[in-house]
Structures are given as structure tokens and as C-alpha cells.
Amino acid sequence: MRIGLTYDLKREYLEMGFSEEETAEFDSDETIYYLKEALGSLGYEVVRIGNIYELTKHLNNGERWDLVFNICEGLYGRSREAQVPALLEAYNIPYTFSDPLTLSLSLDKAMAKRIVRDAGVPTPEFFSITSVKDLEEKNLGRDINFPLFVKPALEGTGKGISTDSIVWDKDELKKQCMKLLIKYRQPVLVERYLPGKEFTAGIVGTGEDAQVIGIMEVKFLKNAEASIYSYNNKKFYEDRVDYALEKNKKLINEISKIALSSYRVLGCRDAGRVDLKADKDDRLYFIEINPLAGLHPVHSDLPIICSKVGITYRELISEIVKSAWERKGKSVHCLSLL
Ligand SMILES: Nc1ncnc2c1ncn2[C@@H]1O[C@H](COP(=O)(O)OP(=O)(O)OP(=O)(O)O)[C@@H](O)[C@H]1O
Ligand SMILES: [Mg+2]
């Protein structure tokens, strides 16, 4: 079987003049090397394609693959993660992970929260704004209480998240919203601040076959800038964060229920990660979902979960390919067939 590999290589974008932060979600040479190695060791013929611009060239040259292993994050727009899958669907080429609708929905944290909340999954109160004027219409202190957490609505990898994300009054809220609106030029999500424990759940599979393979508590060490998984805490995680496999059965059941309901209602496929956080009374909430979870074998959360539960990187990649391959020939429009 011939598998094409699509990815956004961080180094290439840095060479083009994009900044460290602009390329934060993109993949390292190492990730692509290990991914190709794992696929090769499973007996697949692997073709490195690259980003969407390379993909269009290959497609125009008439090249085709049995399956594309896609981890492109995209560069522009809130549907950026959906662009490569949309192109592949247009050419009727099977690919790994979620489809364009799911990828677009999940990248927009406010949209994802509305869908997940509708499915009865606990999610902290929130609103999103596109200008600071929008704040005037909000019933602060009544519909939603301080402290609040402020973040860009359309980013990942902790971009725009720092100690300043926690705001305690209207002035701080206004200042932080202004800062993010100017810097990221996208809606800002304001939600109830949850000060409790943080977890991330790894999922493999699709629909009814999806399973939580492991749950880690993300624990912040004394070097961490705050008890939040901020851009800097993620970047320097070796010194600042400790990951503990959750062993408490009751907690595992509760977290798995939230994670799987969110994953399924959003239509995620093959693998992903759901982030959860607790409030001061230990009640757990959905924070966000990552249908394109990082795949660096050592540094990314999903492979870290795998290594803690005894699943090798090669096994993880094999399960992703298997899950994607099972879709082949089935209607992509009928969720029950996924
Ligand atoms: N409402 C909240 N209350 C408290 N902390 C929060 C809240 N929302 C987010 N955080 C903190 O900020 C971190 C990053 O938030 P979130 O997961 O939404 O961003 P992200 O950049 O998309 O993450 P990822 O790298 O997983 O894609 C969370 O892991 C958590 O520590
Ligand atoms: Mg997250």
C-alpha cells in the first residue's frame, strides 16, 4: 500500500520568514522522520509529499496514493486544518484523521463548545467577542463571574495563553481582550476560570470503536509560570510540567465519558486528544479537543500517553492507519458508517 505523507514542516516556514510563534503548530523534521520510519516499518511504501502547495503540484502531475497520512495544520483562516482534507476529498483520496467539517469546528473553540454543550457535556460558561465594545453588552458578574480566562478562539499549542490570561476584574478583562484582538486578529474567547486539576485524554478509533487509551494529569512544577498549560509552559515542559497517568477508576470513567462524548459528537476520527479541567469543587469540564494531536514520538502528549500505557509509537501509527483504512469505500456522509 502506498501512503502519501502531508505535513507542514516548521523549518521550511521559518526559512520563508515566518516567526517561531506563527510556526508553533507545525512539525519538526524529527516528527516527519519518525512518522515515515514507523509507516515504513509497518510495510507501507511512504511518499513524502509536504504541505498543501506541494500536494497541489503532486495532484496536478497526476500522482495518487492509496491513503494520505495527513498532519497538515494549515496557515490561513479558521478552516486551515480542513484545507488538505477538503482537497483530498475532491480527488476521492482516502486520508487519516477527521474530515473538513470536524477540523474546522474543533479549531474554533467557541463553535466546538456550543456543539459539545448541546450534547450535554459539561463546559464552562463562555462568550466570544470580536471587539472590546462587545464587552459592554455582557452581564459580567451575573451570567458569568470573575475570575475569567481569556484566550484566542482559533489557536493551539498554548498560543496567546500566559499568566495574563486569568483576569480578575473588568479593567484586566478589557486590557487582555484588546491585546489578543490586536495581536491575533481573530475572536477572543472568554470563559469561566477553572482553577482545579488538568487532564488530557488520548483517544484512538472512530465512532463507536473509539476508545480512551489513557488519561494523564498535567501537573505544574514550581518552575511553571502558573498552573496553566501556557505557551511557555508547553515550550519548556521538561522543566515545568510533570505528566502522571491517571489510575483512579472513578475519575477515569468520568473523564472518559466527557472525552468520548465530545469526540463522537464532533465526529472526530482515528485519533485525538481531549483537554479537561476541574473547577474549585473538582467538577470536570471539557476545555477543548485536538483532532490533529501532535505526533512527535517523545515530546507530544498523545505519544506520551501511549508510552505510559505500553503502546509503542509504531502501534499508535498502525492503529491510526487501520482506523482510516476501514472507512475506504464507505459513504463519508453517513456518520453511522464511520
Ligand atoms: N477556562 C479555563 N480555566 C483555566 N485554565 C484554562 C481555561 N482554558 C484554558 N486553560 C488553560 O490554558 C491551557 C491551554 O488552553 P487550550 O487547551 O484551550 O489551548 P490550546 O493552545 O488549544 O492547547 P493545545 O496545545 O492542547 O492545542 C489549558 O491547557 C489550561 O491549562
Ligand atoms: Mg489544549
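The structure presented is a predicted model; accordingly, all values stated were derived computationally and were not measured. Throughout, a residue's number is its position along its own chain's written sequence, starting from 1. Think of it this way: whatever chain is written first is A, whatever ligand is written first is 1, and the rest follow in order. Given that this is a predicted model, residues contribute local features only at a pLDDT of at least 70 and side-chain atom pairs are listed and counted only at 80 or more, while totals for whole chains, interfaces and linings are drawn from all residues. Only hydrogens and water are set aside; all other atoms, that is, all heavy atoms of the structure, feed into the side-chain values.

**Things to note about the confidence of the model for the protein chain**
Note the threshold: Residue-level confidence of the predictor is what pLDDT reports, using numbers from 0 through 100. Contacts are assigned to residue pairs with any non-hydrogen atoms lying within 4.5 Å of each other.
Per-residue pLDDT for the protein chain averages 95, and the proportion of residues at 70 or more is 97%. Contacts of residues 334–338 to residues separated by more than four positions or lying in other chains number six contacts, the stretch itself having pLDDT below 50.

**Let's talk about helix α7 (residues 170–184)**
Put simply, the rule is: Secondary structure counts use DSSP, requiring at least four H or I residues in a row for a helix and at least two E residues in a row for a strand, with both numbered from the N terminus. Here a helix's expected span is defined as the number of its residues, less one, multiplied by 1.5 Å. Residue burial is assigned from relative accessible area. The probe radius is 1.4 Å, only protein chains are included, and a residue is buried under 20% of its type maximum, exposed over 50%, and partly exposed in between. Throughout, the arc means the angular range of directions from the helix axis out to the C-beta atoms. Whenever a nitrogen or oxygen atom comes within 3.5 Å of another N or O atom, the pair is scored as a polar contact, on the condition that within protein one atom can donate a hydrogen and the other can accept it, and that pairs from neighbouring residues in sequence are kept only if both atoms are in side chains.
With 15 residues, α7 extends 21 Å between its outermost C-alpha atoms, agreeing within 8% with the 21 Å of an ideal straight helix rising 1.5 Å per residue. Three or more residues of α7 are buried, namely Leu173, Gln176, Cys177, Leu180, Leu181 and Tyr184. Take α7 and look down its axis: the buried residues cluster within an arc of 130 degrees, on one side only. The exposed set on the far side of α7, more than 90 degrees from its buried face, consists of Asp171, Lys175, Ile182 and Lys183. Where α7 is buried, its residues meet β4 (126–129), β5 (148–152), β6 (166–167) and β7 (188–192). Near the N-terminus of α7, the side chain that reaches the backbone nitrogen of Asp171, with its oxygen 3.1 Å away, is that of Asp169. Looking at the residues trailing α7, positive phi occurs at Arg185, about 50 degrees.

**A short note on the site of ligand 1**
Formally: A molecule or strand has a residue near it when one of that residue's heavy atoms lies within 4 Å. The method behind every accessible area is Shrake-Rupley, applied with a 1.4 Å probe, and residues are considered shielded solely by the protein chains displayed. Amino acids are sorted into nonpolar (Ala, Val, Leu, Ile, Met, Phe, Trp, Tyr, Cys and Pro), charged (Asp, Glu, Lys and Arg) and polar (every other residue, Gly among them). Delimitation of the domains relies on an automatic or database domain assignment.
The immediate surroundings of ligand 1 are formed by 22 residues, with Lys109, Lys151, Gly158, Glu198 and Lys234 found nearest. With respect to ligand 1, the side chain of Glu288 contributes an N or O atom lying 2.8 Å from an oxygen atom. Protein coverage of the free-state accessible area of ligand 1, which is 610 Å², stands at 97%. Of all the elements in the fold, those that place two or more residues in the shell around ligand 1 are β5, β7, β11 (271–278) and β12 (284–290). Per-class residue counts for the shell around ligand 1 are seven nonpolar, four polar and eleven charged. A domain-level breakdown of the shell around ligand 1 finds at least three residues from each of domain 2 (125–192) and domain 3 (198–327).

**With respect to the sheet that holds strand β3 (residues 67–70)**
Here is the rule we go by: Two strands qualify as a pair provided DSSP detects at least 2 bridges between them. Only the stretch in contact is used when a helix axis is fitted, and all axes are lines through C-alpha atoms; the angle between N-to-C directions ranges over 0 to 180 degrees.
The three strands lie next to each other as β2-β1-β3, forming an open sheet whose pairing is parallel. Looking at which strands have only one partner, the edges of the open sheet turn out to be β2 (45–50) and β3. Recorded for the sheet is a direction-independent mean angle of 25 degrees between the axes of neighbouring strands. Relative to β2, strand β1 (residues 2–6) runs parallel, the two sharing five bridges. Pairing of Thr6 across the sheet is with Gly50, part of β2. Strands in contact with helix α12 (residues 313–325) are β1 and β3; relative to β3, the strand with the most contacts, it is inclined by about 130 degrees.

**What to know about the coordination of the magnesium ion (ligand 2)**
Short version of the rule: For Na, K and Ca the donor cut-off is 3.2 Å, while for other metals it is 2.8 Å, and in both cases only N, O and S atoms qualify; water is not among them, so sites may look incomplete.
Around the magnesium ion (ligand 2), the protein contributes the donor atoms Asp275 (OD) and Glu288 (OE), at 2.0 to 2.1 Å from the metal centre. Residue Asp275 is located in strand β11, and its partner Glu288 is located in strand β12; the two are separated by 13 residues in the primary sequence. The same class applies to Asp275 and to Glu288, which are both buried.

**A closer look at the domain arrangement of the protein chain**
Basically, it comes down to this: As a working definition, buried area equals the accessible area (1.4 Å probe) given up by two parts on being put together, with both sides summed.
With domains assigned, the protein chain is organised as domain 1 (2–96), domain 2 (125–192) and domain 3 (198–327). Taking the mean C-alpha position of each, domain 2 and domain 3 sit 25 Å from one another. The partner domain 3 presents ten residues to the eleven residues of domain 2 that form the contact. Of the roughly 770 Å² buried between domain 2 and domain 3, counting both surfaces, carbon and sulfur atoms make up 62%.

**Details of the pattern of salt bridges**
The condition is simple: The term salt bridge refers to a pairing of a side-chain nitrogen on Lys or Arg with a carboxyl oxygen on Asp or Glu at a separation within 4 Å.
A full pass over the atoms with the stated rule returns 23 salt bridges. Arg11 serves as the salt-bridge partner of Asp29, at 2.8 Å between the closest nitrogen and oxygen. Placement of the pair is Asp29 in helix α2 (residues 29–41) and Arg11 in helix α1 (residues 10–15), with a sequence separation of 18 residues. With its nearest N and O atoms 3.4 Å apart, the salt bridge here joins Lys280 to Asp281. The class for Lys280 is exposed, based on a relative accessible area of 68%. A cluster of three or more residues bridged by salt bridges with shared partners is formed by Glu125, Arg192, Asp279, Lys280, Asp281 and Arg283.

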